[in-house]
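One-letter residues, chain by chain:
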Protein chains: 2
Amino acid sequence: MSKALSIFDTTLRDGTQGEGISLSADDKLKIATKLDQLGVHYIEGGIPGSNTKDIEFFRRVKDLGLRAKVTAFGSTRRKDSVAAQDANLNRIIDSGVYAATLVGKSWDFHVHTALQTSLEENLAMIFDSISYLKQKGLEVIFDAEHFFDGYKHNPEYALSVMKKAEEAGADWLVMCDTNGGTLPHEVHGIVSVLSERVKQAMLGIHTHNDCELAVANSLSAVQAGAQQIQGTINGYGERCGNANLCSIIPTLQLKMGYEVLETDKLAQLTNTARYISEIANVHMPNNQPYVGTSAFAHKGGIHVSAILRDSRTYEHVAPETVGNKQRVLVSELAGQSNIVSKAQDMGIAFDPSHEDTKQVMSKVKDLEHQGYQFEAADASLELLLREANGEITELFVFESFKMLVEKTAGRPVVSEAFVKIKIDGASVYTAAEGNGPVNALDNALRKALINYYPRLQDIHLSDYKVRVLDEMDATASKVRVLIETRDLTSSWNTVGVSSNVIEASWEALVDSIRYTLLGQTKLQGQHEVASERGGIVNH
Amino acid sequence: MSKALSIFDTTLRDGTQGEGISLSADDKLKIATKLDQLGVHYIEGGIPGSNTKDIEFFRRVKDLGLRAKVTAFGSTRRKDSVAAQDANLNRIIDSGVYAATLVGKSWDFHVHTALQTSLEENLAMIFDSISYLKQKGLEVIFDAEHFFDGYKHNPEYALSVMKKAEEAGADWLVMCDTNGGTLPHEVHGIVSVLSERVKQAMLGIHTHNDCELAVANSLSAVQAGAQQIQGTINGYGERCGNANLCSIIPTLQLKMGYEVLETDKLAQLTNTARYISEIANVHMPNNQPYVGTSAFAHKGGIHVSAILRDSRTYEHVAPETVGNKQRVLVSELAGQSNIVSKAQDMGIAFDPSHEDTKQVMSKVKDLEHQGYQFEAADASLELLLREANGEITELFVFESFKMLVEKTAGRPVVSEAFVKIKIDGASVYTAAEGNGPVNALDNALRKALINYYPRLQDIHLSDYKVRVLDEMDATASKVRVLIETRDLTSSWNTVGVSSNVIEASWEALVDSIRYTLLGQTKLQGQHEVASERGGIVNH
């Protein structure tokens with residue numbers, strides 16, 4: 001049997017059914033772009049039948065020119081109705097997707113209790129819906145909901161559901177462990193049975209983590225013949241989550257000899273996982289396998305001595321294969337190569353053995369330790385490194401700011417900022433209003449600088465994220481603010497950290513403006529927006 | 001083969017090797033007490049040979065009269081030395097424990113690289129150390145480090161290590177997947193081989209979660225003959241953690257027919273897990289299987305309709321069996337059933353067909369659409385529903401607030417808040433400082449209320465999340481603030497939304513205080529922490 005597998009990412013659909021996750025259409029487009037760069041084969045975008053945000057996503061995703069097949073999700077037609085008149089099915093077609101995922105019942109208990117219809121009607125619903133979409137030219141992935149529970153309770157019926165789906169032309173038959181309660185050896189047995197029955201359709205697996213076995217169940221299914229694995233980045237999803245693709249992909253590729261992603265793409269895994277957790281604004285557990293910050297962090301003294309002699313003593317794979325890095329928690333030896341390499345990318349030559357270089361690295365590591373997350377704020381890091389390299393980065397001198405927010409019952413809230421800086425030896429003191437504290441500070445600072453730097457009018461703040469860093473005592477905790485700034489052609493990210501969210505925002509804001517003013521031809525830290533969007537300049 | 005299994009809890013030893021976990025002797029004693037109530041069979045307390053905190057633990061644990069066997073951990077004797085003179089071994093004996101866990105090398109690569117000794121000397125180290133402790137009357141658990149990697153690279157040597165340990169009198173031979181990289185089918189095969197070779201010792205399994213397979217590997221080993229499972233509560237441990245006993249125990253007992261804990265003890269699992277996470281001061285992921293707050297939380301409208309008819313439609317086990325409970329989430333994906341059901345939980349009877357009810361639902365959905373995330377803010381939702389139900393929720397009248405943040409170069413940032421409210425007809429105007437804007441507002445509001453509501457001193461803000469909702473123009477976007485508040489026994493969540501982060505924080509803060517003051521006997525939106533703490537009142 002071929003060792004090529006298909007990764008079906010449902011972060012944007014099933015993933016969003018997890019508690020605490022809510023993605024806008026913009027969020028989804030960013031994530032889809034990132035997933036496409038990683039090289040997943042299918043990206044399930046959402047449910048056009050019931051979600052207007054998703055209709056917008058499907059409309060705009062066409063402009064991204066993704067290589068992955070974008071798919072829309074929906075149910076089989078309603079009972080006792082006609083497929084061609086089913087609103088959900090038609091919205092799937094209208095969304096213009098290449099492929100559709102249809103979920104249908106395969107557990108008789110559900111047919112009776114949830115759908116409240118007959119076993120025969122359910123089969124007809126499945127057959128009609130799939131053939132309708134096939135007639136319209138779509139690739140069809142059939143998700144057999146509760147397949148394993150269904151098989152355990154009524155194996156004949158569950159198999160007849162799959163047979164019917166295949167007859168209707170389904171390209172994929174996906175066995176879903178919807179309640180997450182099946183065990184790996186049971187999965188293997190059941191998948192093997194189905195594997196012998198199917199004729200032309202290919203098999204897929206979709207598991208949930210209610211017993212902490214979603215990954216094991218997925219691997220078990222692959223060993224028994226499944227060729228498509230449905231899951232989410234970081235295991236997002238309903239209840240305990242979907243199968244975590246960040247654990248499955250490297251295990252299949254590095255340990256089981258399967259072809260999953262293209263060569264070299266696996267090294268993007270950690271970056272992809274962290275990026276998506278930032279967009280989703282969900283804290284990634286440090287101890288997440290393969291991609292977590294602690295995944296290759298060694299603490300015990302004996303472990304550390306051993307890995308410094310040979311990493312294979314306590315590491316099951318080389319961290320770099322998944323884009324992660326080894327961390328030694330006792331000393332700070334890890335990470336120097338990372339910083340030198342980044343500096344090189346920016347055209348700054350740091351000699352790793354030079355004393356100044358060690359000071360810079362020490363400073364960067366110390367700031368990282370305080371919560372500055374430079375991996376999400378390249379522009380701030382670049383300013384720091386250029387400063388350390390002796391290049392001038394101070395264009396104005398900060399003197400003070402005051403920020404005032406007033407709210408009176410029955411009247412709108414008012415935010416005002418007062419900023420004092422020194423530029424070319426002269427003191428400049430401005431006042432500005434805004435619709436919030438950061439907006440007010442931004443307006444006041446620009447007012448102070450605009451006559452000297454008219455270019456500032458071309459830039460605007462396009463994203464603002466706040467994360468509390470220390471959960472011991474939340475209102476005394478440090479806060480990290482990440483700001484994304486854009487002009488017509490590029491974007492860059494800056495960071496600020498403080499126990500005061502206003503001060504942290506100010507820090508990120510000032511870095512953003514300094515970066516802008518230093519001239520874009522010289523600087524590397526920005527992301528070319530034009531190429532990410534395939535030529536789209538308008539935002 | 002007997003279906004009785006032995007649970008070996010190493011939360012207090014291997015668990016503490018995880019990044020971010022540090023337990024005092026007091027912490028360990030509290031956790032040991034809790035573990036004993038649950039009914040684990042072994043509690044590994046620490047390493048007396050290298051840790052003075054642990055020496056204190058072993059001294060004081062004797063007074064607790066635990067039923068579980070307390071064990072101390074250590075290495076085999078140093079190379080080229082005598083067991084009876086080994087300081088670590090003697091400290092284990094002096095600690096007075098009933099049983100000892102000795103770790104020894106079973107991978108030739110480690111013997112050469114880490115220990116830098118010969119294969120024969122390593123066998124002697126193992127034999128001498130185990131027999132020495134056996135002579136002293138201890139039960140001995142032998143942990144064969146890197147057993148699976150060792151077996152894959154040099155099966156004869158790995159097996160000879162186990163044979164030697166058994167000859168020396170080891171009661172248990174534990175196969176450790178120290179690097180966490182072995183796959184379930186490999187574990188099954190290797191455990192089966194050893195299972196045929198052992199004569200009188202019993203087998204144990206100790207896995208790590210580097211591939212997200214620690215639980216699957218443990219179950220696989222049990223199916224192949226292992227009778228002791230080593231793991232930690234909540235999967236704490238080095239790198240990606242140890243095998244999570246909270247996932248393993250219920251799966252073995254509820255799904256695989258094994259006898260693990262005494263009848264009725266399994267229902268203490270959720271409480272035990274949350275209590276230990278509080279003591280360890282590590283945030284428990286909401287989506288943790290079986291015991292997480294989201295483990296039985298249903299969000300999608302279709303799922304909710306189905307579970308309200310019959311829980312088995314989307315729950316793999318009844319939540320109460322592990323001491324957890326079902327939750328219905330109100331979100332943008334919610335249908336009417338979600339809201340009506342939540343109201344019922346709060347003791348508010350909404351008639352779904354009544355016009356008023358439809359208005360309430362419409363209001364809730366509209367607020368959700370604006371960004372209020374009630375699924376993460378039960379207390380705010382409850383206030384809203386009670387208000388709609390005609391119950392009084394205004395305890396003071398808001399008049400105004402001013403919030404000022406000042407930063408001068410070279411001086412620390414200053415935050416001050418001024419709050420004016422009317423209470424019992426009298427105007428109260430307070431001023432307070434804080435380490436940030438929200439902290440300052442919180443302090444000022446409490447100052448205004450504390451004389452009327454002294455109970456406020458028992459509560460504190462424990463978590464604070466900010467999310468920008470609309471990314472088109474980030475500094476004009478709406479912001480959602482979620483606040484978690486705690487007192488000694490419970491916690492609750494509130495939300496605020498505004499384009500001004502200060503106003504949004506204020507809104508969440510006021511809801512939090514209103515909720516506190518309305519009296520905890522009446523309200524449902526909090527999570528019971530008292531029962532979670534099993535009667536421990538000291539914090």
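Note that residues are indexed from 1 along each chain, following the sequence as it is written. Think of it this way: whatever chain is written first is A, whatever ligand is written first is 1, and the rest follow in order. Reporting in this predicted model follows two pLDDT cut-offs: at least 70 for local features of residues, and 80 or more for side-chain atom pairs to be given and counted; totals over whole chains, interfaces and linings ignore these cut-offs and use all residues. Side-chain numbers here rest on the full set of heavy atoms in the structure, without hydrogens or water.

Each helix and strand counted, chain A has 18 helices and 17 strands in total. Buried, partly exposed and exposed residues are distinguished by accessible area as a fraction of the type maximum, computed with a 1.4 Å probe on protein chains only: under 20%, between the cut-offs, and over 50%, respectively. Looking at the 539 residues of chain A, the share that counts as buried comes to 62%. In chain A, of all internal contacts separated by at least 6 residues, the share reaching a separation of at least 24 is 66%. Only DSSP runs of H or I reaching four residues or more are called helices, and only runs of E reaching two or more are called strands; each is numbered from the N terminus. By definition in these notes, contact holds between two residues if any of their heavy atoms fall within 4.5 Å.

Residues and elements named next belong to chain A. By the secondary structure assignment, asparagine 435 is in the loop between β13 (426–434) and α16 (437–449). Looking at asparagine 435, the relative accessible area reads 29%, which means it is partly exposed. As for asparagine 435 and valine 414, which are separated by 21 residues in sequence, their C-alpha atoms are 7.1 Å apart.

A separate point is the interface of chain B and chain A. The interface of chain B with chain A comprises 103 residues on the first partner and 106 residues on the second. A quick way to say it: buried area is the sum, across both parts, of accessible area lost when two parts are put together, with a 1.4 Å probe. Regarding the contact of chain B and chain A, the summed buried area is about 8,900 Å², with carbon and sulfur atoms giving 52% of it. By convention in these notes, a salt bridge is any Lys or Arg side-chain nitrogen within 4 Å of a carboxyl oxygen on Asp or Glu. Our count for the chain B to chain A interface comes out at four salt bridges. Salt-bridge contacts for Lys402(A) lead to Glu406(B); the nearest nitrogen and oxygen are separated by 4.0 Å. Under this definition, polar contacts are N or O atom pairs within 3.5 Å; protein pairs additionally need one hydrogen-donor-capable and one acceptor-capable atom, and for neighbouring residues in sequence, both atoms have to be side-chain atoms. If you look at where chain B meets chain A, you find 31 residue pairs in polar contact (both at pLDDT 80 or more). When residues in the side of chain B that touches chain A are grouped by element, the largest group, eleven residues, is from strand β11 (residues 397–408) of chain B.

So, about the nonpolar core. Counting 193 residues, the largest nonpolar core has Phe142(A), Leu252(A), Phe142(B) and Leu252(B) as its most contacted members. Leave out the neighbours within four places in its chain, and Leu252(A) touches Leu5(A), Leu219(A), Val222(A), Ile229(A), Gly257(A), Tyr258(A) and Val260(A). Remark: nonpolar core denotes a set of buried residues (Ala, Val, Leu, Ile, Met, Phe, Trp, Tyr, Cys) joined through side-chain atoms within 4.5 Å. In this structure, Tyr515(A), Leu517(A), Ile423(B) and Leu517(B) belong to the second largest nonpolar core, which totals 80 residues.

What follows is about the UniProt feature "domain: Pyruvate carboxyltransferase" (unreviewed entry) in chain A. Sites flagged by UniProt as "domain: Pyruvate carboxyltransferase" (unreviewed entry) map to residues 5–267 of chain A. Counted over residues 5–267 of chain A, helix gives 43% and strand 17%. Its end C-alpha atoms are 18 Å apart. UniProt positions are given in the numbering used here, feature names are shortened, and annotations may be inferred rather than shown by experiment.

Once that is clear, we can look at the environment of Arg411(A). Within the secondary structure, Arg411(A) is located in the loop between β11 (397–408) and β12 (414–423). The spatial distance from the C-alpha of Arg411(A) to the C-alpha of Gln200(A) is 67 Å, given a sequence separation of 211 residues.

It is worth spelling out the pairing of strand β5 (residues 139–145) of chain B at this point. The side chains of a regular strand alternate between the sheet's two faces. All names here are of chain B. Burial analysis of β5 places seven of its seven residues in the buried class, which makes it a mostly covered element. Where burial is concerned, the two faces of β5 agree: the one with Glu139, Ile141, Asp143 and Glu145 and the one with Val140, Phe142 and Ala144 are both buried. Here, any two strands with at least 2 DSSP bridges between them count as paired. The pairing of strand β4 (residues 99–105) with β5 spans seven bridges and is classified as parallel. The residue of β5 that forms the bridge with valine 103 is aspartate 143. Examined bridge by bridge, β5 and strand β6 (residues 172–177) share four bridges and lie parallel to one another. Bridge pairing in β6 links alanine 144 to methionine 175.

This part covers the sheet that holds strand β8 (residues 228–231) of chain B. Residue and element names in this part refer to chain B. The sheet built from eight strands closes into a barrel, its strands ordered β1-β2-β3-β4-β5-β6-β7-β8 with parallel pairing. The sheet shows a mean angle of 25° between the axes of neighbouring strands, taken without regard to direction. Sheet topology places strand β3 (residues 69–75) next to β4; five bridges connect them, and they run parallel. In the strand pairing of β4, phenylalanine 73 is matched with threonine 101. Comment: axis = line fitted to C-alpha atoms, over the contacting stretch for helices; angle = value between 0 and 180 degrees taken between N-to-C directions.

A few words now on the sheet that holds β12(A). Across the sheet, six strands lie side by side as β13(A)-β12(A)-β11(A)-β11(B)-β12(B)-β13(B); this open sheet has antiparallel pairing. Looking along the sheet, the strands with just one partner apiece sit at the ends: β13 of chain A together with β13 (426–434) of chain B. For this sheet the average axis-to-axis angle between neighbouring strands, irrespective of direction, equals 10°. Relative to the sheet, helix α17 (residues 501–517) of chain A contacts β11 and β12 of chain A together with β11 of chain B, its axis offset from that of β11(A) by approximately 135°.

Take the confidence of the model for chain A next. All names here are of chain A. Scored between 0 and 100, pLDDT is the confidence that the predictor attaches to each residue. Overall, the prediction assigns chain A a mean pLDDT of 87, with 89% of residues at 70 or greater. Below a pLDDT of 50 lies the segment residues 330–335, which in the model reaches nine contacts outside its immediate sequence neighbourhood of four places, other chains included. Note that residues 520–539 has pLDDT below 50 and, in this model, 46 contacts with residues that lie over four places away or in other chains.

On to the side chain of Glu145(B), then. Summarising the element assignment, Glu145(B) is placed in strand β5. Owing to a relative accessible area of 10%, Glu145(B) belongs among the buried residues under this scheme. Non-local contacts of Glu145(B), meaning those with residues more than four positions away in its chain, are made with Tyr314(A), Val103(B), Gly104(B), Lys105(B), Ser106(B), Trp107(B), His110(B), Cys176(B) and Thr178(B).

Our next topic: unusual backbone geometry. All names here are of chain A. The backbone of glutamine 116 shows a phi angle near 55°, a positive value even though the residue is not glycine. By secondary structure assignment, the location of glutamine 116 is in the loop between α4 (108–115) and α5 (119–135). Even without being a glycine, tyrosine 290 presents a positive backbone phi close to 65°. According to the relative accessible area criterion, tyrosine 290 is buried, its value standing at 0%.

By convention in this document, the label disulfide applies to cysteine sulfur atom pairs within 2.5 Å. Throughout the structure, instances matching the rule amount to zero disulfides over all chains. With no disulfide of its own, Cys240(A) lies 8.4 Å from the sulfur of Cys211(A), the closest cysteine sulfur. Its relative accessible area of 3% is what places Cys240(A) among the buried residues. For the unlinked cysteine Cys176(B), the closest cysteine sulfur is that of Cys211(B), found at 16 Å.

Each Phe, Tyr or Trp ring, with Trp reduced to its six-membered ring, pairs with another whose centre is within 6.5 Å; inter-plane angles below 30 degrees give stacked pairs, above 60 give edge-to-face pairs, and intermediate values give tilted ones. Under the defined criterion, the tally for this structure stands at 20 aromatic pairs over all chains. Ring geometry for Tyr42(A) versus Trp172(A): centroids 6.3 Å apart, planes at 85°, classification edge-to-face. With Tyr42(A) in strand β2 (residues 42–46) and Trp172(A) in strand β6 (residues 172–177), this residue pair connects regions lying 130 residues apart in the sequence. Look at Phe147(B) and Tyr151(B): their rings are 6.4 Å apart centre to centre, the planes differ by 40°, and that puts the pair in the tilted class. One end of the pair is Phe147(B) and the other is Tyr151(B), both in helix α6 (residues 147–153) and four residues apart, which spans about a single turn. Judged on exposure class, the residue Phe147(B) and its partner Tyr151(B) are both buried. An aromatic cluster is built from Phe8(A), Tyr42(A) and Trp172(A), whose rings are joined through pairwise contacts. The criterion for a charge sitting over a ring is simple: Lys NZ or Arg CZ within 6 Å of the ring centre, and within 35 degrees of the ring normal. Over the ring of Tyr429(A) we find Lys420(A), and its NZ or CZ is 5.3 Å from the ring centre.

Let's shift gears to the pairing of strand β16 (residues 490–498) of chain A. Residue and element names in this part refer to chain A. Counting buried positions over the nine residues of β16 gives nine, a clear majority of the element. Alternating positions in β16 separate into two faces, Ser490, Trp492, Thr494, Gly496 and Ser498 on one and Ser491, Asn493, Val495 and Val497 on the other, with burial throughout. Looking at chain direction, strand β15 (residues 479–486) and β16 are connected through eight bridges and run antiparallel. Counterpart to arginine 486 in the pairing with β16 is serine 491.

Another aspect to go through is the packing of α4(A) against α5(A). All names here are of chain A. Contact pair α4 / α5: the axes reach a minimum separation of 10 Å and the direction vectors enclose 95°. Between α4 and α5, the crossing angle belongs to the class labelled roughly perpendicular. Residue-level contacts link Asp108, Val111, His112 and Leu115 of α4 to Leu119, Asn122 and Met125 of α5. What sets the label is the angle itself: under 35 degrees gives roughly parallel, over 145 gives roughly antiparallel, 65 to 115 gives roughly perpendicular, and the rest give oblique.

Once that is clear, we can look at the pattern of salt bridges. When the charged atoms of two side chains with opposite charge come close together, those side chains can pair. One pass over the full model with this rule turns up 47 salt bridges over all chains. Between Asp171(A) and Lys134(A) there is a salt bridge; the shortest N-O distance is 2.8 Å. Of this pair, Asp171(A) sits in the loop between α7 (155–167) and β6 while Lys134(A) sits in helix α5, and the two are 37 residues apart along the sequence. Owing to a relative accessible area of 27%, Asp171(A) belongs among the partly exposed residues under this scheme. The shortest N-O distance in the salt bridge between Arg514(B) and Glu387(B) comes to 3.3 Å. Placement of Arg514(B) in helix α17 (residues 501–517) and of Glu387(B) in helix α15 (residues 378–388) is noted, with a sequence separation of 127 residues between them. By relative accessible area, which is 9% here, Arg514(B) ends up buried. Through salt bridges that share partners, Arg13(A), Asp14(A) and Glu44(A) make up one connected network.

Taken as a whole, helix α4 (residues 108–115) of chain B has its buried residues at Asp108(B), Phe109(B), His110(B), Val111(B) and Thr113(B). A positive backbone phi angle near 55° is found at Gln116(B), which sits one or two residues after α4(B).

Every helix has an expected span of 1.5 Å times one less than the residues it contains. The terminal C-alpha atoms of helix α1 (residues 25–38) of chain A lie 20 Å apart, and with 14 residues this matches the ideal 20 Å at 1.5 Å per residue to within 8%. Within α1(A), 13 of the 14 residues are buried, which leaves it mostly tucked inside the rest of the structure.

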